[in-house]
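One letter stands for each residue in the lines below.
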Amino acid sequence: MIRVEFQKELESLHQDIIRMGATTEAAINDAVTALLNMDADLARKVIAGDDVIDDMEREIDRKCVEIIARQQPVAKDLRDVTSTLKLITDLERIADHASDISERVIAIYAHEERIPVPYDILRMADLSRQMLRGALDSYVTRNRERAEAVIELDDDVDALYESVKAYLIHLMKVDTNNVEQLAELLLVIKYFERIADHSQNVAEWVLFY
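Here the structure is a predicted model, which means the values were calculated and not measured.

The rules we used
- Residues numbered from 1 in each chain as written.
- Predicted model: local features only at pLDDT ≥ 70, side-chain atom pairs only at ≥ 80, totals over all residues.
- Heavy atoms only, no water.
- Helix = DSSP H or I, 4+ residues; strand = E, 2+ residues; numbered from the N terminus.
- Buried < 20%, exposed > 50% of the residue type's maximum accessible area, 1.4 Å probe, protein only.
- Contact = heavy atoms within 4.5 Å.
- Areas by Shrake-Rupley, 256 points an atom, 1.4 Å probe, with all protein chains shown as cover.
- Lys, Arg positive; Asp, Glu negative; His and termini not counted.
- Charge placed at Lys NZ, Arg CZ, Asp CG, Glu CD.
- Salt bridge = Lys/Arg side-chain N within 4 Å of Asp/Glu carboxyl O.
- pLDDT = per-residue confidence, 0-100.
- Axes fitted to C-alpha atoms, helices over the stretch in contact; angles between N-to-C directions.
- Parallel < 35°, antiparallel > 145°, perpendicular 65-115°, else oblique.
- Left-handed = near helix turned anticlockwise from the far one by under 90°.
- Nonpolar A, V, L, I, M, F, W, Y, C, P; charged D, E, K, R; others polar.
- Phe/Tyr/Trp six-rings, centres within 6.5 Å; stacked < 30°, edge-to-face > 60°.
- Lys NZ or Arg CZ within 6 Å of the ring centre and 35° of its normal.

**Digging into the overall build of the protein chain**
Stage number 1. The secondary structure content of the protein chain amounts to six helices and zero strands.
Stage number 2. In the protein chain, the order of α-helices and β-strands from amino to carboxyl end is α-α-α-α-α-α.
Stage number 3. Out of the 209 residues in the protein chain, the part that is buried amounts to 46%.
Stage number 4. Long-range pairs, those at least 24 residues apart, make up 85% of the contacts in the protein chain with a sequence separation of at least 6.
Stage number 5. As presented, the protein chain carries roughly 10500 Å² of accessible surface, and 51% of it is formed by carbon and sulfur atoms.
Stage number 6. A distance of 5 Å separates the average location of the 25 positive side-chain charges in the protein chain from that of its 42 negative side-chain charges.

Structure representation (structure tokens):
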């Protein structure tokens, strides 16, 4: 009976993670859409929604601590709970970066003559979202190959980040009228690079499990 109860608690925990992951993914998608369309209202919605994901993290953290205290899991079960504790931290930080990107969108939107977002930044956004989606899929399916594929993608994001960063710095030198907006875009690409890193971490926690 104790084992059955424990498995039910773990299943409930996994469902909470899936909901948190879906909410985080939606926040990233909305942040990217806000960036593409320079939609300040949508950006504000992403920022406001960050508190919901923070609450999800705290609730899952509380459940994990209770399970460890009451059930005293060992071996694979302990890895399951401890990897969950680490994983939700990465998801919460990904959501934070969605909010960060949205704040940069609002800052760019404030300019009367807004510069277009370079295509390679949108490529970075798509790769980062692909990594998050793959990491979440690997968690749901417990698919080792899917998790490994996500980890391999991080090198592509890093390479693209360095390329786009150099391009934006070059633009700052030749287009001095738009330095402030270009600086905001430099922050945006750093957030996408960090989203990719945290997605890689999620995949690595799946492998750890």
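From this point, things continue past the structure.
**Side note on the pattern of salt bridges**
Stage number 1. A full pass over the atoms with the stated rule returns 20 salt bridges.
Stage number 2. Across the pair Glu-103 and Arg-104 runs a salt bridge whose closest N-O atoms are separated by 3.9 Å.
Stage number 3. Here Glu-103 falls in the partly exposed class, since its relative accessible area comes to 35%.
Stage number 4. Given a relative accessible area of 16%, Arg-104 falls into the buried group.
Stage number 5. Residues Asp-120 and Arg-123 are paired through a salt bridge, measuring 3.3 Å at the closest nitrogen-oxygen approach. In this pair, Asp-120 and Arg-123 are both assigned in helix H4 (residues 119-141), three residues apart and thus about one turn of the helix distant.
Stage number 6. Take Asp-120: its relative accessible area is 26%, and that puts it in the partly exposed class.
Stage number 7. Connected through salt bridges with shared partners, the residues Glu-25, Arg-133, Asp-137 and Arg-146 form a single ionic network.

**Details of the confidence of the model for the protein chain**
Stage number 1. Summary statistics for the protein chain give a mean pLDDT of 94 and a share of 99% for residues scoring 70 or more.
Stage number 2. Confidence, expressed as mean pLDDT per element, reaches its minimum in the protein chain at helix H1 (residues 2-37) with 92 and its maximum at helix H5 (residues 144-174) with 97.

**A look at the packing of helix H3 (residues 75-109) against helix H6 (residues 179-208)**
Stage number 1. Closest axis-to-axis distance for the H3/H6 pair is 9 Å, and the angle between their directions is 165°. Overall, the two elements H3 and H6 adopt an arrangement that is roughly antiparallel. Judged by the sense of rotation from one axis to the other, the crossing of H3 with H6 is left-handed.
Stage number 2. Split into classes, the residues belonging to the contact of H3 with H6 amount to 15 nonpolar, seven polar and eight charged.

**Some remarks on the packing of aromatic side chains**
Stage number 1. Under the defined criterion, the tally for this structure stands at one aromatic pair.
Stage number 2. Ring centres 5.5 Å apart and planes at 85° place the aromatic pair Trp-205 and Phe-208 in the edge-to-face group. Of this pair, Trp-205 and Phe-208 both sit in helix H6, three residues apart, roughly one helical turn.
Stage number 3. Over the ring of Tyr-139 we find Arg-142, and its NZ or CZ is 4.7 Å from the ring centre.
Stage number 4. For Arg-142, the ring lying beneath its charged end belongs to Tyr-209, and the centroid distance is 3.9 Å.

**Observations concerning unusual backbone geometry**
Stage number 1. In this model, Met-38 sits at a positive phi of 50°, which is unusual for a non-glycine residue.
Stage number 2. Looking at the element boundaries, Met-38 is found in the loop between H1 and helix H2 (40-71).
Stage number 3. In this structure, Arg-142 takes a positive phi of about 55° despite not being glycine.
Stage number 4. Mapped onto the secondary structure, Arg-142 falls in the loop between H4 and H5.
Stage number 5. On the accessibility criterion, Arg-142 (29% relative accessible area) is partly exposed.

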